[in-house]
Amino acid sequence: MTQITLALTKGRVLNEVLPLLQTSGIRPEQEIKESRKLIFNTNVKNLRLLILRGVDVPTYVQFGAADMGIAGKDILLEDSGGGYYESLDLALARCRLMTASLKDTNNVEGRTIVATKYINVARKYYAQIGRQAEFVKLFGAMELAPALGLADEIVDIVDTGNTLRANGLVSKELIANVSARLIVNKIAMKTKFELIQAIIDRLKMVL
Ligand code: AMP
C-alpha cells in the first residue's frame, strides 16, 4: 500500500491549516492539539500527517521522509536544500519578512550589524541593496537585540507589528510577503503522482 506523508508546521501555521484540511475533507483520526503524538493517520486512506517545527519541514520533504509539506514562505526562502516543488500558495498565516530597528536611531554609518534567524535571507537582501552588513544568528527574541546593543537592525517576521512596538522597534523595509506554501518532493511527485495530485486537487478546491 502506498502511503502519503504530509508534514505540517506546528504553531500558528497549524492553527490556520487544520481548518483548511477539514474543509477539504481531510481529518486527523485524533484531535492533534490535544495529543502529544507527532504522527496521525487520517480519514483519507493512505494519508498521514506529521507535526514538525517549520524549519524541519523542508528537510523531511527534501529527503523524502515526507512526500509533501506545508511551511511558511519565510522558512522556504531561508532553506538551501531544494529537492521539492512549491506547488500551492495556501494564502494562510500571512505575514511579512521585514527589517526593523530601534525607533530613535539614525541610519548607521558603515557596517550594519543584523541579528536574525534568517541568515541566508538577510545576507542576500543586504547584498542586493548594496549595504555592508554583518550577521548575528539568533534562534528567538530577535526583538531584544537592538536595545541591548547586540545589533543595529533585525530581520524578522511581522504581522500586526505589536511585537516590534512593544520592544521599541519600528519596521523599515519589506523583504518578502509570507504565506503558507505546499511543497512536494520531486521524486514522490513522479512515483506517487495520482495520490499526490488528488490531495493537491482537494486543497485547490477549497482555496
Ligand atoms: P506581530 O506582533 O503581530 O507583528 O507578530 C510578530 C510575531 O508573531 C513574530 O515574531 C512571529 O513570532 C509571530 N508570527 C507572526 N506571523 C506569523 C506567521 N504567519 N507564522 C508564524 N509566526 C508568526
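Up top you'll find the structure we're talking about.
Residues numbered from 1 in each chain as written. Predicted model: local features only at pLDDT ≥ 70, side-chain atom pairs only at ≥ 80, totals over all residues. Heavy atoms only, no water.

A. Inspection of the pairing of strand E7 (residues 112-116) at higher detail. In terms of residue burial, E7 counts as a mostly covered element, since four of its five residues are buried. Both E7 and strand E8 (residues 133-137) contribute to a ladder of five bridges, which runs parallel. Residue pairing for E8: Ala 115 is matched across the bridge by Val 136. The handedness of the E7 to E8 crossover, carried by helix H4 (residues 119-128), is right-handed. Two elements, E7 and strand E9 (residues 153-158), share three bridges in a ladder whose sense is parallel. (Buried < 20%, exposed > 50% of the residue type's maximum accessible area, 1.4 Å probe, protein only. Helix = DSSP H or I, 4+ residues; strand = E, 2+ residues; numbered from the N terminus. Pairing = 2+ DSSP bridges. Right-handed = clockwise from strand over helix to strand, strands pointing away.)

B. Inspection of the site of the ligand at higher detail. Around the ligand, 13 residues are found, and the nearest of them are Arg 12, Ala 93, Thr 160, Gly 161 and Thr 163. Ala 93 is positioned with one of its backbone polar atoms (N or O) 2.7 Å from a nitrogen atom of the ligand. One of the backbone N or O atoms of Ile 157 is found 3.5 Å from an oxygen atom in the ligand. About the coverage of the ligand: the protein hides 73% of its 490 Å² of free accessible area. Taken together, the elements giving at least two residues each to the shell around the ligand come down to E9 and helix H5 (162-166). For the shell around the ligand, the element with the highest residue contribution is E9, accounting for three residues. Looking at side-chain class alone, the shell around the ligand contains four nonpolar, four polar and five charged residues. (Near = heavy atom within 4 Å. Polar contact = N/O pair within 3.5 Å; in protein donor to acceptor, adjacent residues only side chain to side chain. Areas by Shrake-Rupley, 256 points an atom, 1.4 Å probe, with all protein chains shown as cover. Nonpolar A, V, L, I, M, F, W, Y, C, P; charged D, E, K, R; others polar.)

C. Looking closely at the sheet that holds E9. Taken together, five strands build an open sheet; the order of strands is E8-E7-E9-E6-E10 and the sheet is mixed. Of all strands in the sheet, those with a lone pairing partner are E8 and strand E10 (169-178), marking the two edges. Across the sheet, the mean angle separating the axes of adjacent strands is 30° when strand polarity is ignored. Along the sheet face, H4 touches strand E6 (95-102), E7, E8, E9 and E10 and points at about 170° away from the line of E8. (Axes fitted to C-alpha atoms, helices over the stretch in contact; angles between N-to-C directions. Contact = heavy atoms within 4.5 Å.)

D. Looking closely at the nonpolar core. Judged by nonpolar contacts, the single largest core of 31 residues is most densely connected at Leu 6, Leu 8, Leu 21, Met 68 and Ile 70. Among all residues touching Ile 70, those that are not within four sequence positions of it are Leu 6, Ala 7, Leu 8, Thr 9, Val 13, Val 17, Val 57, Leu 90, Ala 180, Arg 181 and Leu 182. Formed by 12 residues, the second largest nonpolar core is a distinct cluster that contains Tyr 126, Val 155, Ala 176 and Val 178. (Core = buried A, V, L, I, M, F, W, Y, C linked by side-chain atoms within 4.5 Å.)

E. Geometry of unusual backbone geometry. Positive phi is not limited to glycine here, since Ala 91 has a value of about 55°. Topologically, Ala 91 is positioned in the loop between strand E5 (84-89) and E6. Look at Ala 141: it is not a glycine, yet its phi comes out positive at around 45°. Summarising the element assignment, Ala 141 is placed in the loop between E8 and E9.

F. Structural view of the environment of Thr 112. Tracing the chain through its elements places Thr 112 in strand E7. Considering only alpha carbons, one finds Thr 112 and Tyr 126, 14 residues apart in sequence, at a separation of 9.3 Å. Dropping the residues within four chain positions of it, Thr 112 is found in contact with Arg 131, Gln 132, Ala 133, Glu 134, Asp 152 and Glu 153.

G. Representation of the environment of Ser 24 within the structure. Counting through the fold element by element, Ser 24 comes out in the loop between helix H1 (12-23) and strand E2 (39-41). Remark: the alpha-carbon pair of Ser 24 and Met 205, spanning 181 residues in sequence, is separated by 7.4 Å. Here Ser 24 is in contact with Arg 202, Leu 203 and Val 206, once residues within four sequence places are set aside. Within the structure, the side chain of Ser 24 is placed 2.7 Å from the backbone oxygen of Leu 21, a separation counted as a polar contact.

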